[in-house]
Amino acid sequence: MDVDTRLLRYFTAVADAGTLTRAAEELFVSQPALTKQIRQLETQLGVRLFTRSRAGMALTEAGRALAGRAPGVLAAWDGALRETRGAAARAARVLRVGFLASAANEATPRIVAAFGARRPGWRVEMRQAAWSEPAAGLADGGVDAALLRLPFPGQEDLRTAVLFTEDRWVALPAGHRLAGREVIDFPELWDEPFVAAPAATGPWRDHWLAADERGGRPVRVGAVTDLPDDWLSAIANGYGIALAPASAARFYARPGVVYRPVRGVSPSRLAVAWPPAADADPVVRDFVRCCLDHGRS
C-alpha cells in the first residue's frame, strides 16, 4: 500500500498539536481540509487513528503505533530528497541559496561575485522564501545554504555565522500619529496593532513583534501576512505597524508607508546558515567563506 507522505505529515501535525484547529494553523490549511485528509488516511489504512471530542484529538492504539513510526519515515524520506536534489545541483554545478526579503542587503552581489571567482563554472541560484518559511528551504533540504534573520525555528539544528547586525526600525502608515517623529521610543508602540508573520514561525515572529521586550505587555496583532507585498499593503491600509530592519527603508520603500528609527529595541542579526552535513562539502564551505569575507559590514 502506498501512502502520500503529505497525509503522514498532516497526521503527525495533528498528533503533536492535539487539536485540529492548532494543527491547521501550523500547516496553513483550513480545518475542514485537514479533517478531510485525516479521514482519507484512515480510509486508506482501514483503521481509526483518532477519537474526536470537544477536548481535542486523542490517538487510538493504532494511532499511537503510527505516531511512533511516522517521524522516522518522514525523516528518511526527507533525507532521500535532500541527497537527490543535492546530487542534481552538484552535477549542474549550482549552489542553491535560500533567502528572505533583501537577503544580505547590498552585500549580496559581492558575496555572489566572490563565490563565482572562487568557484569558476559554478552558479549561485538565489531562492526567495515566504515568511512562513524563515529557514528559507534549509529545513527540508531545498537549499544548500541560506541568508537568514535570527532567530528562526530549527536554528539549533543548523550551523549559523552572524554577518552583521542592523537596527530595527518601525514601518508606519504615512498618516500615523507618530509618522512625523525623527525617533520613536519603543514603549510608545506597545499598544499599537502589529502586522505579524504566521504563528507557526514561532521565535521568528516573536522577534519581529519584540515580544520579549515589552515589559510584559501583550502584543496586539492587527493582521497576519506571509509576503512583503502583503505586509506593505497591510501597513499602508492601516491594519497595523511593524518592526523591520533599517534597510527596509531602502529595499521596501512604498507610498503610504514611512520608516522611523526606534529607540529601546534590540537590533536584528543577519547570518549565513547551513546544515551540519555540509561541513564536509567544499563548495558550501567556500560560500560560507565568501559570506564571512564580503558580507560583513
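The paragraphs below set out a description of the structure included in this document. As the structure is a computational prediction, the values presented were derived from the model and not from experiment.

1. So, the packing of aromatic side chains
Okay, so step 1: Enumeration over the complete set of coordinates arrives at six aromatic pairs.
Okay, so step 2: Taken together, a centroid distance of 5.5 Å and an interplanar angle of 50 degrees make the contact between phenylalanine 11 and phenylalanine 50 tilted. Of this pair, phenylalanine 11 sits in helix 1 (residues 5-17) while phenylalanine 50 sits in strand 1 (residues 50-53); the two residues are 39 residues apart in sequence, bridging distant segments of the chain. Phenylalanine 50 shares its class with phenylalanine 11; the two are buried.
Okay, so step 3: Within the aromatic cluster, the residues linked to one another by ring pairs are Trp131, Trp204, Trp208 and Trp231.
Okay, so step 4: Just above the ring of tryptophan 208 sits the side chain of arginine 168; from NZ or CZ to the centre is 5.9 Å.
Okay, so step 5: Positioned above the aromatic ring of phenylalanine 194, the side-chain terminus of arginine 214 is 4.6 Å from the ring centre.

2. Remarks on the packing of helix 1 against helix 2 (residues 20-27)
Okay, so step 1: Relative orientation of the contacting elements helix 1 and helix 2 amounts to 130 degrees, with a least axis distance of 8 Å. In terms of their interaxial angle, helix 1 and helix 2 are classed as oblique. Once helix 1 is placed against helix 2, the crossing between them reads as right-handed. Judged by residue contacts, Tyr10, Ala13, Val14 and Ala17 of helix 1 engage Leu20, Arg22, Ala23, Glu26 and Leu27 from helix 2.
Okay, so step 2: A breakdown of the residues in the contact of helix 1 with helix 2 according to their chemical character gives seven nonpolar, no polar and two charged.

3. Description of the sheet that holds strand 8 (residues 184-185)
Okay, so step 1: If you walk across this open sheet you meet the four strands as 8-12-7-11, and the pairing is mixed. What marks the edges here is a single partner per strand, and that holds for strand 8 and strand 11 (242-245).
Okay, so step 2: Pairing analysis gives five bridges linking strand 7 (residues 168-173) to strand 12 (residues 257-263), with the strands arranged antiparallel. Directly across from alanine 171, in strand 12, lies its bridge partner tyrosine 259.

4. Remarks on the nonpolar core
A general trend in soluble globular proteins is that nonpolar side chains are found buried together.
Okay, so step 1: Of all hydrophobic cores here, the largest spans 47 residues; its most connected members are Phe186, Leu189, Trp231 and Leu243.
Okay, so step 2: When residues of this core are traced back to their parent elements, those giving at least two are strand 5 (145-150), strand 7, strand 9 (193-196), helix 6 (203-209), helix 7 (228-236), strand 11, strand 12 and strand 13 (268-274).
Okay, so step 3: Filtering out sequence-adjacent residues up to four positions away, tryptophan 231 remains in contact with Trp131, Ala171, Val195, Thr225, Ala242, Leu243, Ala244 and Tyr259.
Okay, so step 4: Grouped together as the second largest cluster of nonpolar side chains are 27 residues, Leu95, Ala107, Trp122 and Val283 included.

5. Concerning helix 7
Okay, so step 1: Every buried residue of helix 7 is accounted for by Pro228, Trp231, Leu232, Ala234 and Ile235. For helix 7, the buried positions fall inside an angular range of 160 degrees around the axis, keeping them on one side.
Okay, so step 2: Just downstream of helix 7, glycine 238 is the residue with a positive phi angle, here 85 degrees.

6. With respect to the pattern of salt bridges
Okay, so step 1: Applying the stated rule across the entire model yields 18 salt bridges.
Okay, so step 2: As a salt-bridge pair, arginine 96 and aspartate 144 come within 2.8 Å of each other at their nearest N and O atoms. Residue arginine 96 is found in strand 3 (residues 94-99), and its partner aspartate 144 is found in the loop between strand 4 (123-128) and strand 5; the two are separated by 48 residues along the sequence.
Okay, so step 3: The exposure class assigned to arginine 96 is buried, which follows from its relative accessible area of 4%.
Okay, so step 4: Put simply, glutamate 213 and arginine 168 hold a salt bridge, and the shortest N to O gap is 2.8 Å. Here glutamate 213 is found in the loop between helix 6 and strand 10 (220-224), whereas its partner arginine 168 is found in strand 7, with 45 residues between them in sequence.
Okay, so step 5: Relative accessible area serves as the criterion here: at 27%, glutamate 213 is assigned to the partly exposed category.

7. Some details on the environment of arginine 177
Okay, so step 1: Within the fold, arginine 177 resides in the loop between strand 7 and strand 8.
Okay, so step 2: For arginine 177, a relative accessible area of 59% corresponds to the exposed category.
Okay, so step 3: Sequence separation between arginine 177 and leucine 163 is 14 residues, and the spatial gap between their C-alpha atoms is 35 Å.
Okay, so step 4: Here arginine 177 is in contact with Glu188 and Glu192, once residues within four sequence places are set aside.
Okay, so step 5: A polar contact is formed between the side chain of arginine 177 and the backbone oxygen of glutamate 188, at a distance of 3.5 Å.
Okay, so step 6: Only 2.9 Å separates the side chain of arginine 177 from the side chain of glutamate 192, close enough to count as a polar contact.

What counts and how
Residues numbered from 1 in each chain as written. Predicted model: local features only at pLDDT ≥ 70, side-chain atom pairs only at ≥ 80, totals over all residues. Heavy atoms only, no water. Phe/Tyr/Trp six-rings, centres within 6.5 Å; stacked < 30°, edge-to-face > 60°. Helix = DSSP H or I, 4+ residues; strand = E, 2+ residues; numbered from the N terminus. Buried < 20%, exposed > 50% of the residue type's maximum accessible area, 1.4 Å probe, protein only. Lys NZ or Arg CZ within 6 Å of the ring centre and 35° of its normal. Axes fitted to C-alpha atoms, helices over the stretch in contact; angles between N-to-C directions. Parallel < 35°, antiparallel > 145°, perpendicular 65-115°, else oblique. Left-handed = near helix turned anticlockwise from the far one by under 90°. Contact = heavy atoms within 4.5 Å. Nonpolar A, V, L, I, M, F, W, Y, C, P; charged D, E, K, R; others polar. Pairing = 2+ DSSP bridges. Core = buried A, V, L, I, M, F, W, Y, C linked by side-chain atoms within 4.5 Å. Arc of directions from axis to C-beta. Salt bridge = Lys/Arg side-chain N within 4 Å of Asp/Glu carboxyl O. Polar contact = N/O pair within 3.5 Å; in protein donor to acceptor, adjacent residues only side chain to side chain.

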